[in-house]
Amino acid sequence: MDKHLRIFITVAEKQSFSKAAEEHYMTQPAVSQYIRTLEESMGMRLLERSNKYVRLNKAGEIVYHYGKEILGLYTTMQNLADDLMNHANGPLTIGASYTFGEYVLPKIIADLQKSYPDIEPAVTIGNTAHIADLVAAHQLDIGIVEGHFNRKEMIIEEFAEDEMVIVASSDNKLLLQEEIEWNDLARETWVVREKGSGTREAAENFFHQFGLTPSKVIHFSSTQSIKESVAAGLGITLLSKWAIQKEVKYGDLKMIPIKGLPFTREFFIITKSPFQTKALEVFNKMLHDFKMP
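Described below are features of the structure shown in this document. Starting afresh in each chain, residues are numbered from 1 along the sequence in its written order. Where totals are concerned, whole chains, interfaces and linings use all residues; where local detail is concerned, this predicted model gives features only for residues with pLDDT of at least 70, and gives and counts side-chain atom pairs only at 80 or more. Water and hydrogen atoms play no part in the side-chain values, which are based on all heavy atoms of the structure.

**Overview of the overall build of the protein**
Heads up, the condition is: Secondary structure counts use DSSP, requiring at least four H or I residues in a row for a helix and at least two E residues in a row for a strand, with both numbered from the N terminus. Burial here depends on accessible area, computed with a 1.4 Å probe over protein chains only, as a share of the maximum for the residue type. Under 20% is buried, over 50% is exposed, and the range in between is partly exposed. Note on areas: these come from Shrake-Rupley sampling with a 1.4 Å probe, and a residue is covered only by the protein chains present in the view. For this count, His and the chain ends are skipped, Lys and Arg are scored as positive, and Asp and Glu as negative. Just so you know, the charge point we use is NZ for Lys, CZ for Arg, CG for Asp and CD for Glu.
A count of helical and extended segments in the protein gives 12 helices and 11 strands. Across its three principal axes, the protein shows a C-alpha extent of roughly 75 × 50 × 35 Å. Within the protein, buried positions represent 46% of all 293 residues. Accessible surface, the protein: about 15600 Å² in total, of which carbon and sulfur atoms supply 52%. Charged side chains in the protein number 32 positive and 39 negative. The centres of these two groups are separated by 5 Å.

**Here we look at the layout of surface pockets**
Note the threshold: Cavity: a set of points on a 1 Å grid over the protein atoms alone where a 1.4 Å probe fits but cannot get out. Pocket: an open set with protein on both sides within 12 Å along at least five of seven lines, its lining residues, like those of a cavity, having an atom within 4 Å of a point. Grid points are joined across faces, edges and corners, and a volume is the space filled by probe spheres set on the points.
Of the volumes computed, that of the largest pocket is approximately 370 Å³. Along its surface, the largest pocket is lined by 17 residues, and Leu71, Gly72, Thr75, His138 and Gln139 are the ones closest to its centre. Elements supplying a minimum of two residues to the lining of the largest pocket: helix 1 (2-14), helix 4 (58-83) and strand 3 (90-96). At 6 residues, helix 4 tops the list of elements feeding residues into the lining of the largest pocket.

**Quick word on the packing of aromatic side chains**
Two numbers describe a pair of aromatic rings. These are the distance of the centres and the angle of the planes. For clarity, the threshold we go by: Pairing of aromatic side chains here covers Phe, Tyr and the six-membered ring of Trp, requires ring centres within 6.5 Å, and sorts the geometry by plane angle: under 30 degrees stacked, over 60 edge-to-face, intermediate tilted. Criterion for a charge above a ring: Lys NZ or Arg CZ within 6 Å of the ring centre, and within 35 degrees of the ring normal.
For the structure on display, the rule yields 11 aromatic pairs. Aromatic side chains Trp182 and Phe206 sit 5.9 Å apart centroid to centroid with 50° between the ring planes, which places their arrangement in the tilted category. Here Phe206 lies in helix 9 (residues 198-209) and Trp182 lies in helix 8 (residues 182-186), a separation of 24 residues in the sequence. Residue class for Trp182 comes out partly exposed when judged on its relative accessible area of 24%. Here the aromatic rings of Phe206 and Phe210 are separated by 5.0 Å at their centres, their planes lie at 55°, and the arrangement is tilted. The class of Phe206 is buried, set by a relative accessible area of 0%. Cluster of aromatic residues (ring-pair linked, three or more members): Trp182, Trp190, Phe206, Phe207, Phe210 and Phe263. The aromatic ring of Tyr53 is capped on one face by Arg55, whose charged end is 4.1 Å from the ring centroid.

**Brief notes about empty space enclosed by the protein**
Quick reminder of the rule: Think of it as three bins: nonpolar holds Ala, Val, Leu, Ile, Met, Phe, Trp, Tyr, Cys and Pro, charged holds Asp, Glu, Lys and Arg, and polar takes everything else, Gly as well.
Scanning all chains against the criterion turns up 2 cavities of 30 Å³ or more. Its volume calculated, the largest cavity comes out at about 150 Å³. Thr76, Asp141, Ser273, Phe275 and Leu280 are, among the 13 residues lining the largest cavity, the residues nearest its centre. Taken together, the residues that form the lining of the largest cavity break down as 4 nonpolar, 7 polar and 2 charged. By volume, the second largest cavity amounts to about 40 Å³. Together, Trp190, Val191, Val192, Arg193, Thr199, Arg200, Ala203, Ile226, Thr237 and Leu238 line the second largest cavity. Of all elements in the fold, only strand 7 (189-193), helix 9 and strand 9 (237-240) reach the threshold of two or more residues within the lining of the second largest cavity. Residue composition of the lining of the second largest cavity, by class: 6 nonpolar, 2 polar and 2 charged.

**Section: the environment of Ile144**
For clarity, the cut-off: We call two residues in contact whenever any of their non-hydrogen atoms come within 4.5 Å of each other.
Along the chain, Ile144 turns up in strand 5 (residues 142-146). Here the alpha-carbon distance between Ile144 and Gln113, two residues 31 residues apart in the chain, equals 19 Å. Beyond its immediate chain neighbours, meaning those up to four positions away, Ile144 contacts Ile94, Gly95, Ala96, Ser97, Phe100, Phe159, Phe267, Phe268, Phe283 and Leu287.

Taken by themselves, the reported measurements are silent on function.
This is the structure we're talking about:
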């Protein structure tokens with residue numbers, strides 16, 4: 001029945017029987033037969049069809065959601081069984097929040113490929129909440145995220161400490177002052193990440209810890225856009241030291257010195273299954289052996 005689920009999921013995502021047929025190298029009537037068989041086994045229709053569209057109905061949405069999770073578990077089961085006879089190889093799905101995923105993970109993946117070329121990594125970058133949801137649904141083997149969250153169904157391991165600093169454009173007037181007060185920072189426009197981001201959570205914790213209430217806050221959905229905006233003079237921000245190394249080196253951004261910094265937060269490794277493929281085992285070991293910049 002796993003093939004029926006795979007074809008159904010493809011039809012749902014492509015919203016087309018013909019495109020699903022191309023994806024699975026099948027004829028369109030064969031795809032239709034698989035869908036009919038699945039619907040008969042469920043005792044209900046799962047798709048609404050017309051000459052103009054193919055879309056999920058309410059029952060189809062349920063089957064799609066849990067079908068994705070079932071196939072994720074099935075793939076993990078196959079990989080774990082295969083590992084008993086083979087060396088580290090095959091697919092490895094990795095999720096990471098933006099800071100770690102964009103500024104640290106690429107080096108680890110490069111090292112992984114040099115040592116284990118038969119491992120096939122696929123990386124998803126997103127905010128902490130999104131990565132946690134994908135791990136929980138078995139769509140990712142492992143996630144590396146920032147920020148605290150309570151997900152009892154997952155295995156959560158404290159991994160590394162991150163230092164965060166306030167940065168501004170190189171010509172920000174604050175940098176001309178001999179001494180910077182917290183009230184000076186409150187009068188600035190703060191550029192922060194969106195809700196659900198670990199960097200946003202860190203900024204809110206920072207504001208709370210130091211009793212800071214910014215006069216204006218602007219939100220962006222990526223660290224890169226925040227850096228570009230701050231470098232252009234839009235305001236100031238709190239970012240990981242990992243994320244600003246190049247900009248500080250070349251003078252596009254400068255750290256604002258103030259008592260109480262750097263502000264620290266933790267990164268966490270999250271997994272769902274207590275069992276690990278050999279590919280996941282070696283990647284996990286490389287994470288712990290990696291010397292943080």
